[in-house]
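Reading the structure
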Amino acid sequence: ARHLLGIEPLSPPEIVSLLDLAETYVAFNRRTVKHSDALEGLTQINMFFEPSTRTQSSFELAGKRLGADVMNMAMAQSSLTKGETLIDTALTLNAMRPDLLVVRHQDSGAVNLLASKVDCAVINAGDGRHEHPTQALLDALTIRRAKGRLQRLTIAICGDIAHSRVARSNLILLGKMENRLRLVGPATLMPAGAADLGCEVYEDMREGLAGADVVMMLRLQKERMDGGFIPSAREYFHRWGLDAEKLACAKPDAIVMHPGPMNRGVEIDGTIADDINRSVIQDQVEMGVAVRMAAMDLLARNLRAERGARAAEES
Ligand code: CP
C-alpha cells in the first residue's frame, strides 16, 4: 500500500510482518550507533495540527535514524492562522516534493482526505476519534514481547473509549488477532453500539478486570467531549482509576499499559504506572520508535517500487 491511514485495511499476516520488522529495529535502536540508509535521499515532513510528545518525537527520531531529511512543520506558526485550508496547506507542501507526510489532525477523516490530494506516502499519526494506527501497532508489539503471543489473550481497554482513536485502532487490531476484548468504563464514555463491536462491555472495573492478561488504561479526552459529561477527577479515580486493589482482580501476571499522556490520580495511580513489574508504559514508548521505523521503511520500499515501475513504463 502507498499509505498507512488505519489498521482496518491490514491483514493479520501484514500486521505480523510489520511487527517482525519492528522487532529488528528494537535491536537496532539499542546499539550505540543508530544509523541506517533505508530512507536515504527521502524527505519526511511531520505535520502535527494537535499537540504531541511521543508520536511526533518518535517519528522524527525514526526518520533521522533511517537517514531521511526530516522537517517538522510548526503548524501554529503556519499560514493556517491566516485562513489557508488544510488541503491548500497540503498541496503547497506536496509541491515541494516530499516523500513521506506524517499527519496528526483533530478531525476524524482529515488525514484520509489529505492523502487523496498528494503524491507522496501519508502516515496517520492520529485523526480525531478515528484511528491512530502506529499506536495500535506499538501496543501490539509491546503485548507480544511481554506475553510471548498476540492471540488468545483477555484484554481490558478501560476508561474513555468513546473519544479514543487509540481504543478504536486497538480494537480493530487485537480483534483481527483473535483476542477476547473487553471495554470497561462509565456508560457515558462508551461508544454507541459498543455491545455490537464483538466486545464484552462492563461498567464495573473489578468485573471487567477479572482474569485479564492485559489492562490498557485511557485518558479522559476532555478536548473531544464537546461540553458533554465530564466526571470529577476524584469520583472518576474512585470508580474507574486503576489502583492496586482493582488491579488485583486481573491475572497476577497481567501487564498495565497506557498510551500517554497519562493523568496520575485520575485514570491511574502513580505507583502502578511506575511499577516496573506490572507497567509496560516505558516499553510502549520504546516500541513506538521501532514500529514507526518499520512502517516508514515498508512505505519507502513500496514508494520506490511504484516509482521504479512508473519509470520503466515511461522509458
Ligand atoms: N500516545 C500518543 O499519541 O501520545 P502523544 O499525544 O504524546 O503523541
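Our subject is the structure that appears above.
In what follows, the accompanying structure is described. This is a predicted model, so every value here is computed, not measured.

1. A short note on the sheet that holds strand E9 (residues 255–257)
- Ordered by their spatial adjacency, five strands build an open sheet running E7-E6-E5-E8-E9, and the pairing between neighbours is parallel. The open sheet has two edge strands with one neighbour each: strand E7 (200–202) and E9. Across the sheet, the mean angle from the axis of one strand to that of its neighbour is 20°, orientation sign disregarded.
- The pairing of strand E5 (residues 154–158) with strand E8 (residues 214–217) spans four bridges and is parallel. Looking at E8, one finds that Ala-156 is bridged to Val-215.

2. So, the packing of aromatic side chains
- Inspection of the entire model under this criterion finds two aromatic pairs.
- Here Tyr-25 and Phe-28 contribute two aromatic rings whose centre-to-centre distance is 5.8 Å and whose plane-to-plane angle is 85°, an arrangement assigned as edge-to-face. With Tyr-25 and Phe-28 both in helix H1 (residues 12–29) and three residues apart, this pair spans about one turn of that helix. For the pair shown, Tyr-25 and Phe-28 are each scored as buried.
- With 5.7 Å between their ring centres and 40° between their planes, Tyr-236 and Trp-240 make a pair best called tilted. Here the residue Tyr-236 and the residue Trp-240 both occupy positions in helix H8 (residues 233–240), the gap between them amounting to four residues, near one helical turn.
- Across the ring face of Phe-237, the terminal group of Lys-246 is positioned such that the distance to the ring centre comes to 5.7 Å.

3. Digging into the pairing of E5
- For E5, a buried count of five out of five residues is recorded, marking the element as mostly surrounded by other parts of the structure.
- Burial along E5 is two-sided: Thr-154, Ala-156 and Cys-158 and Ile-155 and Ile-157, pointing in opposite directions, are all buried.
- As paired elements, E5 and strand E6 (residues 180–184) share five bridges and run parallel to each other. Opposite Ile-157, over in E6, you have Leu-183 as the bridge partner.
- Once you follow E5 into helix H6 (residues 165–176) and on to E6, the crossover reads as right-handed.

4. Some thoughts on the nonpolar core
- Formed by 63 residues in total, the largest nonpolar core has its most connected members in Tyr-25, Leu-137, Ile-143, Ile-157 and Leu-173.
- Tallying contributions element by element places helix H11 (residues 281–314) first for this core, with 10 residues.
- What Leu-173 contacts, discounting residues up to four positions off in sequence, is Ile-7, Ile-15, Ala-136, Leu-137, Ala-140 and Leu-150.
- Ranked by size, the runner-up nonpolar core spans 24 residues in total, among them Ala-156, Met-205, Tyr-236 and Ala-254.

5. Thoughts on the pattern of salt bridges
- Counted according to the given criterion, the structure contains 19 salt bridges.
- Two residues, Lys-64 and Glu-60, come together in a salt bridge whose shortest N-O distance is 2.6 Å. One end of the pair is Lys-64 and the other is Glu-60, both in helix H2 (residues 54–65) and four residues apart, which spans about a single turn.
- Arg-307 serves as the salt-bridge partner of Asp-99, at 2.8 Å between the closest nitrogen and oxygen. Residue Asp-99 is located in the loop between helix H3 (86–94) and strand E3 (100–105), and its partner Arg-307 is located in helix H11; the two are separated by 208 residues in the primary sequence.
- Under the relative-accessibility criterion, Arg-307 is labelled partly exposed at 33%.
- A single salt-bridge network, built from bridges that share partners, covers Glu-50, Arg-165, Arg-219, Glu-223 and Arg-224.

6. What about the site of the ligand?
- The full set of residues close to the ligand is Ser-52, Thr-53, Arg-54, Thr-55, Arg-104, His-132, Gln-135, Pro-259 and Gly-260.
- Between an oxygen atom of the ligand and a side-chain N or O atom of Arg-104, the distance comes to 2.9 Å.
- Separating a nitrogen atom of the ligand from a backbone N or O atom of Gly-260 is a distance of 3.2 Å.
- When the ligand is considered free in solution it has 260 Å² of accessible area, and contact with the protein chains removes 92% of it.

The rules behind each value
- Residues numbered from 1 in each chain as written.
- Predicted model: local features only at pLDDT ≥ 70, side-chain atom pairs only at ≥ 80, totals over all residues.
- Heavy atoms only, no water.
- Pairing = 2+ DSSP bridges.
- Helix = DSSP H or I, 4+ residues; strand = E, 2+ residues; numbered from the N terminus.
- Axes fitted to C-alpha atoms, helices over the stretch in contact; angles between N-to-C directions.
- Phe/Tyr/Trp six-rings, centres within 6.5 Å; stacked < 30°, edge-to-face > 60°.
- Buried < 20%, exposed > 50% of the residue type's maximum accessible area, 1.4 Å probe, protein only.
- Lys NZ or Arg CZ within 6 Å of the ring centre and 35° of its normal.
- Right-handed = clockwise from strand over helix to strand, strands pointing away.
- Core = buried A, V, L, I, M, F, W, Y, C linked by side-chain atoms within 4.5 Å.
- Contact = heavy atoms within 4.5 Å.
- Salt bridge = Lys/Arg side-chain N within 4 Å of Asp/Glu carboxyl O.
- Near = heavy atom within 4 Å.
- Polar contact = N/O pair within 3.5 Å; in protein donor to acceptor, adjacent residues only side chain to side chain.
- Areas by Shrake-Rupley, 256 points an atom, 1.4 Å probe, with all protein chains shown as cover.

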